[in-house]
Each structure stands twice: as structure tokens, then as C-alpha cells.
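# An overview of the molecular structure
Take a look at the letters that make up each chain.
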Amino acid sequence: MSGEFLCLGIEGTAEKLGVGIVSAEGEILANLVRQMKVAEGIHPSEAAQHHATHLPALVRAGLERAGVEMRELSLIAFSRGPGLGPCLRVAAVAARALALKHKLPLLGVNHCVAHIEIGRLTTGAEDPLTVYVSGGNTQVTAFAQGRYRVLGETIDIALGNCIDQFARELELGMPGGPVVERLARRGRYLPLPYVVKGMDLSYSGLLTAAVRLAERERVEDVCFSLQETAFAMLVEVAERALVQAEKEEVLIAGGVGVNARLQQMLAGMCSEHGVRLHVPPGEVLGDNGAMIAWLGVLSYLSGERQRLEDTHVRQRWRTDEVAVRWR
Ligand code: ATP
Ligand code: FE2
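The structure contained in this document is the topic of the report that follows.

Reading the values: rules and limits
- Counting restarts for each chain: residues are numbered from 1 in the order of the written sequence.
- The naming scheme follows written order: chains are lettered A onward, ligands numbered 1 onward.
- Side-chain atom pairs in this predicted model are given and counted only at pLDDT of 80 or more, local residue features only at pLDDT of at least 70, and totals for whole chains, interfaces and linings cover all residues.
- Neither water nor hydrogens contribute to the side-chain values; these are computed over all heavy atoms in the structure.
- We call an atom a donor if it is N, O or S and sits within 2.8 Å of the metal, or 3.2 Å for Na, K and Ca. Water is not counted, so some sites may look partial.
- Counting from the N terminus, the helices are the DSSP runs of H or I reaching at least four residues and the strands are the DSSP runs of E reaching at least two.
- When a residue's accessible area, from a 1.4 Å probe over protein chains only, is under 20% of the maximum for its type it is buried; when over 50% it is exposed; and in between it is partly exposed.
- Whether two residues are in contact is decided by their heavy atoms, any of which lying within 4.5 Å being enough.
- Cavity: a set of points on a 1 Å grid over the protein atoms alone where a 1.4 Å probe fits but cannot get out. Pocket: an open set with protein on both sides within 12 Å along at least five of seven lines, its lining residues, like those of a cavity, having an atom within 4 Å of a point.
- Grid points are joined across faces, edges and corners, and a volume is the space filled by probe spheres set on the points.
- Asp, Glu, Lys and Arg are counted as charged, while Ala, Val, Leu, Ile, Met, Phe, Trp, Tyr, Cys and Pro are counted as nonpolar; the rest, among them Gly, fall into the polar class.
- Being near a molecule or strand, for a residue, comes down to having at least one heavy atom within 4 Å of it.
- Polar contacts, as counted here, are pairs of nitrogen or oxygen atoms within 3.5 Å of one another; within protein the pair requires one atom able to donate a hydrogen and one able to accept it, and residues that are adjacent in sequence qualify only if both atoms are side-chain atoms.
- For the accessible areas, the method is Shrake-Rupley and the probe is 1.4 Å, while residue cover comes only from the protein chains on display.
- A fitted line through C-alpha atoms serves as each axis, taken over the contacting stretch for helices, and the angle formed by two N-to-C directions is quoted from 0 to 180°.
- Throughout this description, any angle smaller than 35 degrees is read as roughly parallel, any larger than 145 degrees as roughly antiparallel, any in the 65 to 115 degree range as roughly perpendicular, and the remainder as oblique.
- Note: crossing handedness is left-handed where the near helix turns anticlockwise from the far helix by less than a right angle, and right-handed where it turns clockwise.
- Pairing of aromatic rings covers Phe, Tyr and the six-membered ring of Trp, with a centre-to-centre limit of 6.5 Å; geometry is then stacked below 30 degrees between planes, edge-to-face above 60, and tilted otherwise.
- The criterion for a charge sitting over a ring is simple: Lys NZ or Arg CZ within 6 Å of the ring centre, and within 35 degrees of the ring normal.
- Any two strands with at least two DSSP bridges between them are considered paired.
- We call a set of buried Ala, Val, Leu, Ile, Met, Phe, Trp, Tyr and Cys residues a nonpolar core when their side-chain atoms join them within 4.5 Å.

### Quick notes on the coordination of the iron ion (ligand 2)
- Around the iron ion (ligand 2), the donor atoms from the protein are His111 (NE2), His115 (NE2) and Asp287 (OD), and they sit 1.9 to 2.2 Å away.
- The sequence pattern describing where the donors of the iron ion (ligand 2) fall on their chain is H-x3-H-x171-D. Of this pair, His111 sits in helix H3 (residues 111-123) while Asp287 sits in the loop between helix H9 (282-285) and helix H10 (289-301), and the two are 176 residues apart along the sequence. Comparing His111 with Asp287 shows no difference in burial state: the two are buried.

### A few points about the side chain of Ser225
- Looking at where Ser225 falls in the secondary structure, it is placed in helix H7 (residues 219-245).
- For Ser225, a relative accessible area of 0% translates into the label buried.
- In contact with Ser225, other than residues within four places in its own chain, are Arg188, Tyr189, Leu190 and Leu192.

### Focus: the layout of surface pockets
- Reported here for the second largest pocket is a volume of approximately 190 Å³.
- The wall of the second largest pocket is formed by 16 residues, among which Glu304, Gln306, Trp317, Val322 and Ala323 lie closest to the centre.
- Those elements giving two or more residues to the lining of the second largest pocket turn out to be strand E5 (106-110) and H10.
- Among the elements that make up the lining of the second largest pocket, the one with the highest residue count is E5 (4 residues).
- Classifying every residue of the lining of the second largest pocket gives 8 nonpolar, 4 polar and 4 charged.

### Things to note about the site of ligand 1
- In the vicinity of ligand 1 lie 25 residues, with Lys16, Tyr132, Ser134, Gly135 and Asp164 positioned nearest.
- A distance of 2.9 Å is found between an oxygen atom of ligand 1 and a side-chain nitrogen or oxygen belonging to His111.
- The separation between an oxygen atom of ligand 1 and a polar side-chain atom of His115 is 3.4 Å.
- Summarising the interface, the protein chains cover 91% of the accessible area of ligand 1, which totals 640 Å² for the free molecule.
- At the level of elements, H3, helix H4 (159-169) and helix H5 (176-184) are the ones that each hand at least two residues to the shell around ligand 1.
- Of the residues in the shell around ligand 1, the class split is 6 nonpolar, 14 polar and 5 charged.

### Concerning the side chain of Ser134
- Looking at the element boundaries, Ser134 is found in the loop between strand E6 (129-133) and strand E7 (138-144).
- Accessibility expressed as a relative area gives 9% for Ser134, which makes it buried.
- Those residues within four positions of Ser134 in sequence are excluded, and the remaining contacts are Ala158, Leu159, Gly160, Asn161, Gly254, Gly255 and Val256.

### Some thoughts on the packing of H4 against helix H6 (residues 204-213)
- In contact at an axis separation of 10 Å, H4 and H6 are set at 25° when each is read in the N-to-C sense. Overall, the two elements H4 and H6 adopt an arrangement that is roughly parallel. Between H4 and H6 lies a crossing of right-handed hand. Between H4 and H6, the residues in contact are Cys162, Gln165, Phe166 and Glu169 and Leu207, Ala210 and Val211, respectively.
- Grouping the amino acids of the contact of H4 with H6 by side-chain chemistry returns 5 nonpolar, 1 polar and 1 charged.

### Topic: the packing of aromatic side chains
- A full pass over the atoms with the stated rule returns 2 aromatic pairs.
- Taking the centre distance of 5.6 Å and the plane angle of 65° together, the rings of Phe143 and Tyr148 count as edge-to-face.
- Residue classification places Tyr148 among the buried positions, given a relative accessible area of 2%.
- Sitting over the ring of Trp317, Arg80 keeps its end group 5.6 Å from the ring centre.
- Sitting over the face of the ring of Tyr300, Arg305 holds its NZ or CZ atom 3.6 Å from the ring centroid.

### Digging into the sheet that holds strand E1 (residues 6-11)
- Read across the open sheet, the 5 strands follow the order E3-E2-E1-E4-E5; overall the sheet is mixed. Since the sheet does not close on itself, it has two edges, and those belong to strand E3 (28-35) and E5, each with one partner. Each strand axis lies, on average, 20° off the axis of its neighbour in the sheet, ignoring direction.
- In terms of strand pairing, E1 meets strand E2 (residues 16-23) through 6 bridges, oriented antiparallel. Within E2, the residue paired with Gly9 across the bridge is Gly20.
- Across the sheet, H3 is in contact with E1, E3, strand E4 (75-81) and E5; its angle to E5 comes to roughly 90°.

### Re the nonpolar core
- Of all hydrophobic cores here, the largest spans 50 residues; its most connected members are Leu129, Leu159, Phe166, Tyr203, Leu234 and Leu266.
- Elements with a minimum of two residues in this core: E6, E7, H4, H5, H6, H7, strand E11 (249-253) and helix H8 (260-273).
- When residues of this core are assigned to their parent elements, the largest contribution, 12 residues, is made by H7.
- Residues within four places of Leu159 in sequence aside, it is in contact with Val133, Ser134, Thr138, Tyr203, Ala230, Phe231, Leu234 and Val256.
- Ranked by size, the runner-up nonpolar core spans 28 residues in total, among them Leu6, Ile21, Leu58 and Val59.

Here is the structure:
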């Protein structure tokens with residue numbers, strides 16, 4: 001193990017806490033995620049408390065899993081944003097403390113770009129159009145001139161948030177994604193508002209309409225219709241972005257990406273265009289520490305450096321603000 005460049009990454013933008021260790025060659029030596037129990041949605045201060053309580057043990061467990069000691073690490077990386085302020089600050093403070101104590105360089109990295117890069121690493125996708133769908137983000141991006149350009153996105157709530165809020169209103173359990181997916185398998189289609197304006201998606205009207213529809217229709221049917229409508233909107237925007245960006249691969253990223261129906265609909269669109277669909281393994285689709293560690297590696301080895309006092313968190317940090325020096 002001696003001499004290898006290893007990065008420890010800390011993820012803590014929302015209710016999940018992750019610690020990952022990744023080598024410069026892209027080998028994932030550890031990737032541990034601790035999911036906070038969320039009955040009624042995320043309370044930022046409770047999530048921050050959860051992270052503060054469990055981070056030390058998760059870091060120790062990550063080192064143990066990887067079979068390395070703190071002194072064998074070369075770099076500490078953390079998710080600097082975007083995300084919930086209190087959660088981001090816990091991860092940042094912990095990362096700074098570790099870097100100081102062990103005299104290691106520190107890099108704060110962009111959470112959204114990390115989702116894209118871990119997808120490229122684990123699937124071998126080279127230059128994909130990325131469909132990134134999670135609880136807090138819904139973006140279709142493509143690399144052009146040194147940045148991941150956002151070609152389409154939601155103008156209100158994220159797709160995962162739409163499904164989660166629907167599940168919460170109906171008291172189906174949290175997180176809503178897996179529950180709604182399961183119920184939808186036994187559903188039939190009922191019309192719901194489909195809102196795509198240019199390359200913009202809007203999910204808040206769909207959420208309201210679905211909750212209302214559930215007052216008089218079978219929950220399975222509403223789950224099915226919610227998924228069909230929300231995913232079709234996304235696939236439409238992705239298809240137009242694919243043609244516009246002239247990419248030959250599509251990559252799925254984010255926690256909603258584990259949904260089998262969404263994967264199937266994207267696969268259908270891709271096959272019509274003769275492009276390949278890449279689906280990363282489930283453990284790197286949702287929030288995790290390995291993606292932060294890997295983006296730390298890429299950033300550091302392409303020359304990025306940050307002084308400790310410049311590692312403040314960035315709650316709103318857009319994907320296309322990041323200079324992608326490693327490509
Ligand atoms: P981000 O900070 O990038 O917005 P996040 O905090 O939402 O990420 P992720 O782990 O990327 O975290 O995604 C979680 C989301 O994925 C939740 O909204 C959850 O409901 C959704 N999800 C999980 N499984 C499924 C599924 N089978 N179908 C649809 N959505 C799912
Ligand atoms: Fe995420």
C-alpha cells in the first residue's frame with residue numbers, strides 16, 4: 001500500500017453521510033454510507049447533528065474497510081456544496097480538522113460534478129450526456145469547453161423531491177422513491193399535467209395534481225401515472241439535449257437513477273438514437289463518499305489547491321461554475 005496516492009472523501013450535503021477512500025488509479029477501497037432515518041422529510045439541523053454524531057466512527061470504519069491508516073492518506077476531500085448549510089458545515093469542519101491534524105492537503109469539491117465523475121469512473125463512459133436526478137437536483141448536462149454545461153433542468157422542485165413529497169402527503173413512507181416505484185408496478189395510466197417549457201422542467205404542478213388525484217383514485221394508479229409523466233418529461237428534455245450536444249453516450253446519475261422504469265425509458269430513447277446508456281452501480285448512484293474522494297483525486301492531480309481559510313461552504317454552487325481541468 002505504500003506510496004500510493006489515496007484520497008479520503010466526506011459527503012454530507014443532505015441526510016446521507018458518506019465516507020469513501022479512492023486511489024489515484026480510481027480504485028474504490030471503501031465506500032460507506034449512513035442514511036439518517038427521515039420520517040417527515042429532512043430537517044437541516046437534525047441532519048447536521050446526525051452527521052456530527054456519526055462521522056468519527058464512519059471515518060474509522062472507512063479506514064478499516066480500506067485497510068489503511070490515516071498517515072497513508074495523501075488528501076482529504078469534502079463536498080463543499082450545493083446542499084443544506086448546517087450539513088455542509090459539519091462535513092467541512094470535520095474535513096478541516098482531519099487535514100490539520102494529519103498535515104494533509106484539503107479540497108472542497110462540487111457535489112453535482114462528483115456525481116458525474118463517479119459515473120464516468122464506474123461505467124467507463126467517456127463523454128456522456130448526463131441525466132442527474134436526485135432529491136435536490138434535476139439536471140441534464142454535457143461537457144463543452146472546460147465545463148459541464150447545464151442543458152436542461154427543473155425550474156422548481158427536483159424529481160426526487162416531487163416523488164418524496166407525494167409519498168409524504170399520502171403517508172406511504174420515506175424515502176418515497178422505492179415505495180412509489182413498487183406501487184406503480186400495479187398501476188394504470190391516468191392523465192396528469194405534463195410541463196416542459198423549452199429545456200425547462202417543472203414538477204411542482206405535477207406534485208399538487210397527483211396528491212389531489214389520489215383523493216379519488218387508486219394509489220397504485222396515481223403512483224404509476226406520476227412516474228410515467230415525470231419520467232417522460234425528463235426523457236423528452238434529455239433527448240433534445242442529446243441531439244443538441246451531439247453526444248454518443250448517456251449516463252445516469254443521482255439516487256432517482258436506480259428506478260427501473262426510468263432506466264427502461266431512457267434505454268428506449270437511447271436505442272432509438274443508437275447511443276449507449278450507462279447505469280452506474282446502485283452504491284455510487286446515490287450520495288456517497290467515494291464520489292467526493294474521486295473528484296478530490298481528479299482536482300488535486302490536475303493542479304487544484306485550496307488554502308484552509310478558502311474552504312468555506314457554498315450552499316448554491318452551480319455545476320457550470322466549476323472549471324473542469326482534468327479533461
Ligand atoms: P442531491 O444532494 O444530489 O440532490 P440527494 O440528497 O437527494 O442528492 P440521492 O441519494 O442522490 O441524494 O437521491 C435520493 C433520492 O433518490 C430521494 O429523492 C429518493 O426518493 C430517490 N430514490 C431512491 N430510490 C428510488 C427509486 N427506486 N425510484 C425513484 N426514486 C428513488
Ligand atoms: Fe447527491
